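Single-letter residue listing:
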Amino acid sequence: MNQALLNLHDVGHAYGLKSVLDGIDLSLEAGQVLALVGPSGCGKTTLLHLCAGLLNCQSGRLDNHFVRPAVMFQQPRLLPWKTTRDNIALGLKAAGIPRRERLANAERIGAAVGLDRLALAQFPHLLSGGMQSRAALARALVLEPDLLLMDEPFSALDIGLKAQLHRLLLDEQAARSLAVLMITHDLMEAVRLADTVLVMAAEPGRIVHRFDLNIPARQRDDALVHQTTAELLQNATVRASFGLSAAGAGDCPHRPSMLSPGMASFGAPANQAAPAQRKGFGC
Amino acid sequence: MNLLRAWLKGLPAYLWSGWGAISSLLLLMAGWESLNGLYGDLILPTPGSTFATLYQLIEAGSAWPELAVTARRALSGLALAIAAGSVLGMTAGVSMTAAMMSRPLVTVLLGTPPIAWLVLAMLWFGSSDGTPVFTVFIACFPVIFMGALQGTRTLDHQLKDMASVFRLPAHMKLFDLYLPHVFSYLFPAWITALGTSWKVVVMAELLASSDGVGAALAVSRSHLDTSTTLAWICAVVGILLAVEYLLLEPIKREVERWRQLG
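Residues numbered from 1 in each chain as written. Chains lettered and ligands numbered in written order. Predicted model: local features only at pLDDT ≥ 70, side-chain atom pairs only at ≥ 80, totals over all residues. Heavy atoms only, no water.

Engineer: Explain the overall build of chain B residue by residue, including any values.
Structural biologist: When helices and strands are counted, chain B shows 12 helices and zero strands. Taken from the N to the C terminus, the helices and strands of chain B come in the order α-α-α-α-α-α-α-α-α-α-α-α. If you line up chain B on its principal axes, its C-alpha atoms span 70 × 50 × 35 Å. Here chain B holds 262 residues, and the buried ones make up 41% of them. Summarising the internal contacts of chain B: among those between residues at least 6 apart in sequence, 75% fall at separations of at least 24. For chain B, the accessible area works out to roughly 13,900 Å², and carbon and sulfur atoms hold 72% of it. (Helix = DSSP H or I, 4+ residues; strand = E, 2+ residues; numbered from the N terminus. Buried < 20%, exposed > 50% of the residue type's maximum accessible area, 1.4 Å probe, protein only. Contact = heavy atoms within 4.5 Å. Areas by Shrake-Rupley, 256 points an atom, 1.4 Å probe, with all protein chains shown as cover.)

Engineer: Describe the sheet that holds strand E7 (residues 179-184) of chain A, and please don't skip the residues or the numbers.
Structural biologist: Residue and element names in this part refer to chain A. Overall, mixed pairing links the six strands, which are arranged E5-E6-E7-E3-E8-E9 in an open sheet. Only two strands of the sheet have a single neighbouring strand rather than two, namely strand E5 (69-72) and strand E9 (206-212). Looking at each pair of strands side by side, their axes are set apart by 15° on average, direction ignored. When strand E3 (residues 33-37) meets E7, the two strands line up parallel, connected through five bridges. (Pairing = 2+ DSSP bridges. Axes fitted to C-alpha atoms, helices over the stretch in contact; angles between N-to-C directions.)

Engineer: Kindly report on the pairing of E9(A), identifying the contributing residues and their values.
Structural biologist: Residue and element names in this part refer to chain A. When strand E8 (residues 196-201) meets E9, the two strands line up antiparallel, connected through six bridges. Residue pairing for E9: Met200 is matched across the bridge by Ile207. The loop that links E8 with its antiparallel partner E9 comprises four residues; one of these, Glu203, has a positive phi angle of about 50°.

Engineer: Any chance you could break down helix H3 (residues 47-59) of chain B for me, citing the residues and the numbers?
Structural biologist: Three- or four-residue spacings in an α-helix give side chains the same orientation, since the helix completes a turn every 3.6 residues. Residues and elements named next belong to chain B. Under the 1.5 Å per step criterion, the end-to-end length of H3 is 18 Å for 13 residues, consistent within 8% with the ideal 18 Å. Within H3, burial applies to Pro47, Thr50, Thr53, Leu54 and Leu57. Burial along H3 is one-sided: seen end-on, the buried residues are contained in an arc of 125°. For H3, the exposed residues set more than 90 degrees away from the buried face come down to Tyr55, Gln56 and Glu59. Where H3 is buried, its residues contact helix H2 (19-39), helix H4 (63-94) and helix H11 (226-255). (Expected span 1.5 Å × (residues − 1). Arc of directions from axis to C-beta.)

Engineer: Just give me the short version of unusual backbone geometry, but keep the residues and values in it.
Structural biologist: Residues and elements named next belong to chain A. Of note in this structure, Arg77 is not a glycine but carries a positive phi near 55°. Looking at the secondary structure, you find Arg77 in the loop between E5 and helix H2 (84-88). Of note, the phi angle at Glu152 is positive, near 40°, even though the residue is not glycine. With respect to the secondary-structure elements, Glu152 resides in the loop between strand E6 (147-151) and helix H7 (159-175).

Engineer: Any chance you could break down the environment of Pro250(B) for me, citing the residues and the numbers?
Structural biologist: All names here are of chain B. Within the secondary structure, Pro250 is located in helix H11. For Pro250, a relative accessible area of 11% puts it in the buried group. Sequence separation between Pro250 and Pro104 is 146 residues, and the spatial gap between their C-alpha atoms is 34 Å. Dropping the residues within four chain positions of it, Pro250 is found in contact with Trp7, Tyr14 and Tyr245.

Here it is in structure tokens:
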């Protein structure tokens with residue numbers, strides 16, 4: 001096994017007297033994808049900001065030996081006075097790459113995330129939310145980082161785009177053994193992308209469950225992802241951390257598909273239950 | 001260079017859009033003319049005779065030298081205020097402590113009437129150029145300082161975090177992060193200060209100098225020559241309008257293009 005390049009040992013953080021993180025132990029190796037899932041307000045973003053160096057570590061120890069970290073924030077955070085192309089090239093400009101070269105790189109990665117030349121020439125506020133997210137991903141990937149920190153990166157995208165960017169991310173990740181620490185509250189996204197899923201609970205934020213996935217992310221199909229997500233949701237600790245009732249869906253042995261009753265009432269007019277249900281759909 | 005080219009390219013379309021402004025100015029002339037009908041030539045001469053007097057002043061060669069002297073004083077005071085106010089305001093905006101400490105001081109400066117500064121300046125600088133230049137500087141400085149301070153303080157902290165994560169060096173933080181944002185606060189402040197500088201310089205010259213438009217106004221007042229007085233006022237206001245609408249406004253449009261496209 002590789003040596004872990006990002007190590008957190010017993011890290012805690014407090015805003016004033018309110019403790020938001022407590023006893024976080026975590027390690028991340030090169031090329032590993034780690035997903036942190038948890039309810040809103042459990043300190044995920046604080047943890048990510050600690051790893052990104054935006055917050056100082058108050059207690060515990062944090063060692064980050066990655067050389068070129070990049071961050072994709074929850075909001076796109078593009079500079080409104082720069083064109084999308086210049087925004088994507090921002091990190092390259094900071095690294096002192098000559099103008100021609102950095103713009104060519106920005107165009108290449110922009111095309112890879114599905115931004116055409118017109119979109120690249122426009123100012124960010126003229127782009128849709130999804131396009132802004134893609135520009136933010138491109139701005140992070142163009143740096144060829146060895147560590148990518150992502151804070152609910154794909155939450156503004158529709159499922160088609162989400163799947164497209166998942167594939168792009170996994171390709172980049174595999175090609176350059178990129179380590180990814182991603183925050184999400186979408187369990188299925190975590191199961192789809194991550195090698196390890198860490199479940200957090202709130203008040204104070206702490207890691208309560210660890211889940212390793214053995215099949216490489218690029219070989220997982222939809223069925224496997226759905227099944228694994230469902231299994232993960234059966235876990236009592238995971239349910240408790242999200243505030244779901246302890247009685248899992250598993251206590252109902254014979255379970256019809258969620259879609260079938262409604263479909264039946266439309267598809268089979270002779271059904272005796274239909275009139276009552278139709279009232280519900282009448283408006 | 002790009003800015004100059006864009007300025008020249010945008011000029012015709014921009015001038016064409018000036019017809020609305022010209023028509024409202026002509027309405028003002030019409031009102032002026034009708035007031036002349038009410039009060040007579042001694043109180044308010046017609047716009048026609050005013051501009052004729054102005055033309056005579058220019059023909060006689062006395063207008064441009066006086067205007068040049070006034071412009072030199074106003075612009076040197078303004079340039080000093082822009083330099084000091086923008087730099088100090090942005091510096092103060094970066095630090096919370098400096099911002100909190102400087103605010104009351106600036107309020108004091110804003111609240112002190114320019115005429116009070118003028119009296120002090122006359123005591124300090126006598127009848128030299130220093131008096132109008134200092135008065136203009138002190139009247140314009142707080143306006144620009146506050147603009148720069150507000151602009152720097154209102155920069156989104158999310159963008160600041162982004163800049164530090166992407167390791168932007170100091171000069172990029174200044175030119176790519178702070179200045180484009182601060183500019184939209186700074187530029188209106190500069191334009192306000194430009195107007196203030198012209199008003200204040202004429203006042204200072206009227207009381208403290210022996211040349212410049214202000215001094216010429218003092219002479220025409222003592223001769224009860226209303227049309228010459230109005231001619232000088234029109235000259236000063238005309239130059240102010242020209243500088244603001246022909247020079248500053250097109251520059252602002254070009255620099256803030258990203259905002260207008262929304």
